[in-house]
Amino acid sequence: MNIELSIEFFPPQTAEGLVKLKNERLKLAVLKPDFFSVTYGAGGSTRGRTFAIVKEIAAEGFDAVPHLSCVGSTRVGIREMLGEFKAIGVRRIVALRGDLPSGMAEAGELRYANELVEFIRAETGNVFQVIVAAYPEWHPQAKSPEVDLNNFVRKAKAGVNAAITQYFYNADAYFHFVERVRSTGVEIPIIPGIMPIANFYKLARFSDACGTDIPRWIRRQFESYGDDVESIRAFGLEIVTRLCERLLQGGAPGLHFYSMNQASLILEIQQRLNLRMKPVTPAQ
Ligand code: FAD
């Protein structure tokens, strides 16, 4: 599966958020992404909202890709969702385990993403292309890198077409992960997930929870800006553009942007990348 550029949204909770999302999406459409994806709350908490946005994106003529998580769900519920997605012409799905929301005790009938992938294949054959999550800095609950790698490989072999990574700021972690996956014979495209930096302090908290390392030199530089929003934005843009450039030059097959429902940083990064990665015409 070829994915050069894809962009992820989350389903907003308010009517105002929905209008804003549509505006941002239309701005991003100029980039002609391969698809827009929409996240899915674990336990089906955003089921209706995810479906409505996927439908709206598809109606606008874009390739709309729902995420689907299995934790806290039943086979019957997932079968229904697959049927609904198929009926509106969805061709790809991002299949995830998800994280059980606090207070929800039941893990559900499918415990890990590899079981969800197997279920999707058993129920729908090759109707959908299936994309899964990957963790270059390893999943925070993994017992060891080896165990996590083996779990990823098992999932990939269950009938997966591509993987998108958790966001990261260490390009070497990505290259190392890809190398380890390739050494097992798994050849699916592994698309780096890119998180533009809008609010460093929020990002730092979130990164601790999801196991993403923000290198010390980057952290220290952001911290030195205090609440100088302009400098934070400028440094964040520089860091992320350089990361994307390095990834693409090192052979990453494409980029998947976590948009946080905001277009401006992605548009700016893409513009800079286009300038920097233009082939140089030799002097006459
Ligand atoms: P898995 O692949 O099941 O792995 C989870 C953990 O279990 C890992 O530690 C793994 O090593 C271990 N493991 C895997 N298989 C087995 C097995 N068979 N036996 C024992 N251990 C096993 N979350 C949402 O709720 N909604 C979203 O829309 C969403 N979208 C995401 C998109 C991307 C690109 C990424 C990277 C993450 C997304 N997440 C989303 C977050 C994701 O749900 C969490 O990171 C979750 O903790 C793991 O999901 P997974 O599909 O990677 O799980």
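For the structure itself, look to the data block above.
Residues numbered from 1 in each chain as written. Predicted model: local features only at pLDDT ≥ 70, side-chain atom pairs only at ≥ 80, totals over all residues. Heavy atoms only, no water.

1. A look at the nonpolar core
Working step 1: Counting 88 residues, the largest nonpolar core has Phe 152, Tyr 169 and Phe 257 as the members making the most contacts within it.
Working step 2: The leading source of residues in this core is helix α9 (residues 229-249), at eight residues.
Working step 3: Among all residues touching Phe 152, those that are not within four sequence positions of it are Val 132, Ala 133, Ala 134, Ala 163, Phe 177, Val 181 and Ile 188. (Core = buried A, V, L, I, M, F, W, Y, C linked by side-chain atoms within 4.5 Å. Buried < 20%, exposed > 50% of the residue type's maximum accessible area, 1.4 Å probe, protein only. Helix = DSSP H or I, 4+ residues; strand = E, 2+ residues; numbered from the N terminus. Contact = heavy atoms within 4.5 Å.)

2. So, the packing of aromatic side chains
Working step 1: Under the counting rule described, the total for this entry stands at 15 aromatic pairs.
Working step 2: Taken together, a centroid distance of 5.1 Å and an interplanar angle of 80° make the contact between Phe 36 and Phe 62 edge-to-face. Of this pair, Phe 36 sits in strand β2 (residues 35-38) while Phe 62 sits in the loop between α2 (47-59) and β3 (64-69), and the two are 26 residues apart along the sequence.
Working step 3: Residue Phe 62 is classed as partly exposed on the basis of its relative accessible area of 24%.
Working step 4: Between Phe 200 and Tyr 201, the aromatic rings sit 5.3 Å apart at their centres with planes inclined by 70°, giving edge-to-face as the arrangement.
Working step 5: Relative accessible area serves as the criterion here: at 1%, Phe 200 is assigned to the buried category.
Working step 6: Owing to a relative accessible area of 35%, Tyr 201 belongs among the partly exposed residues under this scheme. (Phe/Tyr/Trp six-rings, centres within 6.5 Å; stacked < 30°, edge-to-face > 60°.)

3. Brief notes about the pairing of strand β6 (residues 162-167)
Working step 1: For β6, the tally of buried residues reaches six of six residues, placing the bulk of the element in the interior.
Working step 2: Two elements, strand β5 (residues 129-134) and β6, share four bridges in a ladder whose sense is parallel. Counterpart to Ala 134 in the pairing with β6 is Thr 165.
Working step 3: Remark: the β5/helix α5 (residues 145-156)/β6 crossover connection has right-handed handedness.
Working step 4: Where β6 lies against strand β7 (residues 190-194), three bridges are found, and the strand directions are parallel. Following the sheet pairing, Ala 163 is matched in β7 by Ile 190.
Working step 5: As a crossover connection, the stretch from β6 through helix α6 (residues 171-182) into β7 is right-handed. (Pairing = 2+ DSSP bridges. Right-handed = clockwise from strand over helix to strand, strands pointing away.)

4. A short note on the pattern of salt bridges
Pairing is possible between side chains that carry opposite charge, provided their charged atoms lie close to one another.
Working step 1: Tallying each qualifying case throughout the model produces 22 salt bridges.
Working step 2: The salt bridge partner of Arg 25 is Glu 56, with a shortest N-O separation of 2.7 Å. A residue pair is termed long-range when its members are at least 10 positions apart, and Arg 25 in helix α1 (residues 15-28) and Glu 56 in helix α2 qualify at 31 residues.
Working step 3: Taken together, the salt bridges that share partners define one network made up of Glu 238, Arg 242, Glu 245, Glu 268, Arg 272 and Arg 276. (Salt bridge = Lys/Arg side-chain N within 4 Å of Asp/Glu carboxyl O.)

5. Some remarks on unusual backbone geometry
Trans peptide bonds make up most of the peptide bonds, and negative phi angles are found at most residues other than glycine.
Working step 1: Even without a glycine there, the phi angle at Lys 32 is positive, about 50°.
Working step 2: Tracing the chain through its elements places Lys 32 in the loop between α1 and β2.
Working step 3: Its relative accessible area of 70% is what places Lys 32 among the exposed residues.
Working step 4: One non-glycine residue, Met 260, lies in the positive phi region at around 50°.
Working step 5: Here Met 260 shows up in the loop between β8 (255-258) and α10 (264-276).

6. Side note on the site of the ligand
Working step 1: As a matter of local geometry, the ligand sits amid 24 residues, with Tyr 40, Asp 99, Tyr 135, His 139 and Asp 148 nearest to it.
Working step 2: Tyr 40 places a polar main-chain atom, nitrogen or oxygen, 2.7 Å from a nitrogen atom of the ligand.
Working step 3: Interatomic distance of 3.1 Å between a backbone N/O atom of Gly 98 and an oxygen atom of the ligand.
Working step 4: In isolation the ligand exposes 970 Å². Once the protein is present, 85% of that is buried.
Working step 5: Secondary-structure elements contributing two or more residues to the shell around the ligand are α4 (113-124), α5 and β6.
Working step 6: When residues of the shell around the ligand are assigned to their parent elements, the largest contribution, four residues, is made by α5.
Working step 7: Across the shell around the ligand, the residue classes break down as ten nonpolar, nine polar and five charged. (Near = heavy atom within 4 Å. Polar contact = N/O pair within 3.5 Å; in protein donor to acceptor, adjacent residues only side chain to side chain. Areas by Shrake-Rupley, 256 points an atom, 1.4 Å probe, with all protein chains shown as cover. Nonpolar A, V, L, I, M, F, W, Y, C, P; charged D, E, K, R; others polar.)

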